[in-house]
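One letter stands for each residue in the lines below.
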Amino acid sequence: MRRTDPEREILVKKRQSHTGKYVTVIILGLIALSITFIALYAQQISRGDNTDEVDKSIKICITPSCVSAAEHLNKAMNRNINPCDDFYEFACGGWNRTEPMPDDKATWSVFDILDRELLRNLKTILITDEVVIPGGLEATATEKMQAYFKSCINEEAIETAGIRDLEGHLKAAYNSGLEAWPFFLSPPLTLDISKVVRTAFEFGNNLDLFSYYITGGPLTPKINVINFDTARFTLDRFSLLNESRQASREAYVQYGVDVAMHLAADQNRTDVTLEGVTALFQRILAFEMELANATLPPEDTRDATEFQNEMSLSSFAGNYTRSLGLTGEKWAEIFANAWPDAASNLTANTIVNVRETKYFAKLNSYFTGATPDRMNVLSNFLAWKVLEPLVVRLGSKYRSAYQKFAAVVSGTTMESPRLETCVLVLNNQFPNAIGSLYVRNFFRKEAKAELENMVRYLILSFREIVKSSYWMGEKTRQTALEKAEKIVANLAYTSYMMDNVTAVNDEHRTFLAGNSFLLNYLNGRKFAAQVQGRRYANANQPTDWVTRNFIETGPAVINAFYSNTRNSITFPAGILQAPFMGSGYPYYWNFAAIGTVIGHEITHLFDDQGAQADGEGRLINWWDPQSKKAFEERAKTIIDQYSGYNLLGVQLKGANSQGENIADNGGLKESYGAYRMYRKQHLNDTEEPRLPGFETLNSDQMFYLSYAQVWCGDYRKQEVELQVNRPHSPGRFRIIGPLQNSPQFSHAYRCPQGSYMNPIKKAAVW
Ligand SMILES: [Zn+2]
């Protein structure tokens, strides 16, 4: 159950390195498979299924690329299913058989498999026997990463250190008595809240009272603004509030109790009792539930104009954080301390945006005139929130406490392999240093230019769709076309990461790695917070890399992004590989896979949220009232469609995922249009050679099959419950939804009208 066969992965992904005999063996195997498939298809045809008969004159592609592409598709499929009955089952029905979910994962998809491979690749660079702890500023970024990595994988040293470094950190950095947590009613301890917040922010910790992110201003998108947002809780909002997640809440209390009891044991404290800490964590949970209750559900937060409440830091403090003793001056000081490069920009008059004012009003009133008892719960809560992100960075008994909690929340039954966890930690904190190693060692360089070309076709194709969108008024349509033309695409990596190692070293000059993993981790968080400050101090540029509104991304990421305030789309190097795009892969494949991802990100700039910004990233309504009404009606068709889907007994929430669903539907339509455009211009509009084992499927049919394989995957039930409260639909409906809406798909597979995959009612925005 645990691991998939590594050899099979190599067969699919490292095509370039195989030559000669090995390839011959594969091809012979594939020819054998082919014969089986042809037999299967002959059978289907006789049953009246909608597949082409095998034409002897058809060209078959047997290059190593085609063979590995075919193998990849084949192992995911279930060919006994009629594609018109359920295309997900047809394309992905074999997935669970060939890709069992590892015990440490809550989802298992193409993305997760590539993530794992990326971590394994990077590990080979980070692990080295020669690494000595670099003592000075002159060490290279790579040496620092290697030293940090070494401290992370040294589990023996982590066990030996126990809580020594944690205590040292709490005393030295916070100097607030936090090391004496858990605190009890007598003697009462009331923390200096502003001091705790100041140090926590310095180490990139929001304390789960509030969160913040940086984004361009609504009317001045080039100028960065701090946005205060609601807390992001340890246990997600849904689990805090929903009846069905009682077990998760109990597990959360147990997690806190376990950590507190371990700490007490490690400190030889005798005053800490199980009953005492259990009661304390019940109070902490009740407080978090109360906070969560004051936040809006995600589906009610989609209209950006409702969440523009700009004010100075001193107004923010006066309105919302007075009862916590946080004044405007203190807030300016808190940010200046965390962001040295932005210190001179921050005063009590600095303008910030407060998204959900009701939440902050609730927070303020909760502590206005609060009893000592309530303030004591707050002190305990804050100390817990300082510690909680560090729990999984400690020794095994602490990590087990977390794992027990995670098992209930997401269903995973074991920790991820240490080596993979360590690469992930480094990549999150140092996306540019790790990204630079990634692109210099593992990236197929030609992919960047190939992608650039495809982006051009996708934008052209999107513009064609806009041109024929007669539900839009003429002027609105023109503005949409202009906005599409202004899209900035960030591809693969920023050039210095590939060819200027000195610049990468300079960028990481202030980070010093030592022997202690915990201290390296804390310094890494501090460094990442300072990078945020650097971003804040500079202009918000479309060419900057950004994951939507939140944190920057590096190149070593299997994902893609867009930014409304920058009118930009970003495709990190990590996703520019098979099965998203492959060298020598058929064109239909690359358009269907990475092409749809490109189309998805383009469409985001025109989804229910993206359409609120103009081509400069300003929050300006450029929609005439009729067009806007038509847009909303069309979006409603998507909302209704997805609200009707159900996975493992969990109903999807179409309103919540509408932006992603609009993007999925637009992306598929655009990429198909782009493919046909490309084929016309470069391939004489003819069929491409077929894949071995897929001789009966023409290029259009293969386009949709290649699209679907990107979204094959598996979820644990606990994860589905969480997923429907997040923006993305589960993989199954990222296939079913857009294909049910696509007349071109139904035409390609000749799905009868009224069949599951070709419903009469079709939904679309674009
Ligand atoms: Zn998206």
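Everything numeric here is computed off the predicted structure, so don't read it as measured data.

This part is about the sheet that holds strand S5 (residues 351-354). Ordered in space as S2-S3-S5-S4, the four strands form an open sheet in which the pairing is mixed. Both outer strands of the open sheet, strand S2 (210-216) and strand S4 (310-312), are each paired with one neighbouring strand and no more. Averaged over all pairs of adjacent strands, the angle between strand axes in this sheet comes to 35°, irrespective of strand direction. Here strand S3 (residues 224-230) runs beside S5; their pairing, made up of three bridges, is parallel.

Take the coordination of the zinc ion next. Working reference: metal with six octahedral donors, ideal angles 90 or 180 degrees; metal with four tetrahedral donors, ideal angle 109.5 degrees. Taken together, His600 (NE2), His604 (NE2), Glu660 (OE) and Glu660 (OE) make up the protein donors of the zinc ion, found 2.0 to 2.8 Å from the metal. Note that the zinc ion binds four donor atoms; their angles at the metal cover 52 to 138°, and the shape is irregular. Between consecutive donor residues of the zinc ion, the sequence gaps follow H-x3-H-x55-E. Here His604, found in helix H26 (residues 587-604), pairs with Glu660, found in helix H28 (residues 658-682); they are 56 residues apart in sequence, far enough to count as distant.

Across all of its chains, the model carries 39 salt bridges by this definition. Glu202 serves as the salt-bridge partner of Lys526, at 3.0 Å between the closest nitrogen and oxygen. Of the two residues, Lys526 is situated in helix H25 (residues 517-537) and Glu202 in helix H10 (residues 193-202); the sequence distance between them amounts to 324 residues. In this structure, Glu464 engages Lys467 in a salt bridge whose closest nitrogen and oxygen atoms are separated by 3.1 Å. Here Glu464 and its partner Lys467 are both found in helix H21 (residues 446-467), three residues apart, which amounts to about one turn of the helix. Exposure remark for Lys467: the relative accessible area of 37% places this residue in the partly exposed category. It is possible to trace a salt-bridge network through shared partners that takes in Arg676, Arg679, Asp685, Glu687, Arg690 and Asp700.

Now for the state of the cysteines. With the rule as written, the count across this model stands at four disulfides. Linked covalently through their sulfurs, Cys84 and Cys751 form a disulfide whose S-S length is 2.1 Å. Disulfide Cys84-Cys751: torsion about the S-S bond near -85°, hence left-handed. With Cys84 in the loop between helix H3 (64-76) and helix H4 (87-92) and Cys751 in the segment after helix H32 (743-749), the pair connects residues that are 667 residues apart, well separated along the chain. On the basis of relative accessible area, Cys751 is assigned to the buried category, the value being 6%. Sequence-ordered numbering of the bonded cysteines in the protein yields a pairing of 1-2, 3-8, 4-7, 5-6.

Our focus in this paragraph is the confidence of the model for the protein. When the pLDDT values of the protein are averaged, the result is 90; 90% of them are 70 or greater. Predicted confidence is poor over residues 1-28, with pLDDT under 50, and the contacts of this stretch with residues over four places away or in other chains come to 52 contacts. Note on residues 35-52: pLDDT under 50 across the span, and 33 contacts to partners over four residues away in sequence or across chains.

Moving on, we come to the sheet that holds strand S6 (residues 488-492). An order of S6-S8-S7 is seen for the three strands of this open sheet, with the pairing classed as mixed. One side of each edge strand has no neighbouring strand; the edge strands of this open sheet are S6 and strand S7 (561-563). Taking each pair of neighbouring strands and ignoring which way they run, the sheet shows an average axis angle of 15°. Bridge count for S7 against strand S8 (residues 568-572) is three bridges, and the pairing is antiparallel. Following the sheet pairing, Tyr562 is matched in S8 by Ile569. Lying on the sheet, H21 is in contact with S6 and S8; it crosses S6 at an angle near 155°. Relative to S8, H26 is tilted by about 150°, and along the sheet it contacts S7 and S8.

Conventions used here
- Residues numbered from 1 in each chain as written.
- Predicted model: local features only at pLDDT ≥ 70, side-chain atom pairs only at ≥ 80, totals over all residues.
- Heavy atoms only, no water.
- Pairing = 2+ DSSP bridges.
- Helix = DSSP H or I, 4+ residues; strand = E, 2+ residues; numbered from the N terminus.
- Axes fitted to C-alpha atoms, helices over the stretch in contact; angles between N-to-C directions.
- Donors = N, O, S within 2.8 Å, 3.2 Å for Na, K, Ca; no water.
- Tetrahedral: all angles 85-135°; square planar, octahedral: opposite > 155°, others 65-115°.
- Salt bridge = Lys/Arg side-chain N within 4 Å of Asp/Glu carboxyl O.
- Buried < 20%, exposed > 50% of the residue type's maximum accessible area, 1.4 Å probe, protein only.
- Disulfide = S-S within 2.5 Å.
- pLDDT = per-residue confidence, 0-100.
- Contact = heavy atoms within 4.5 Å.

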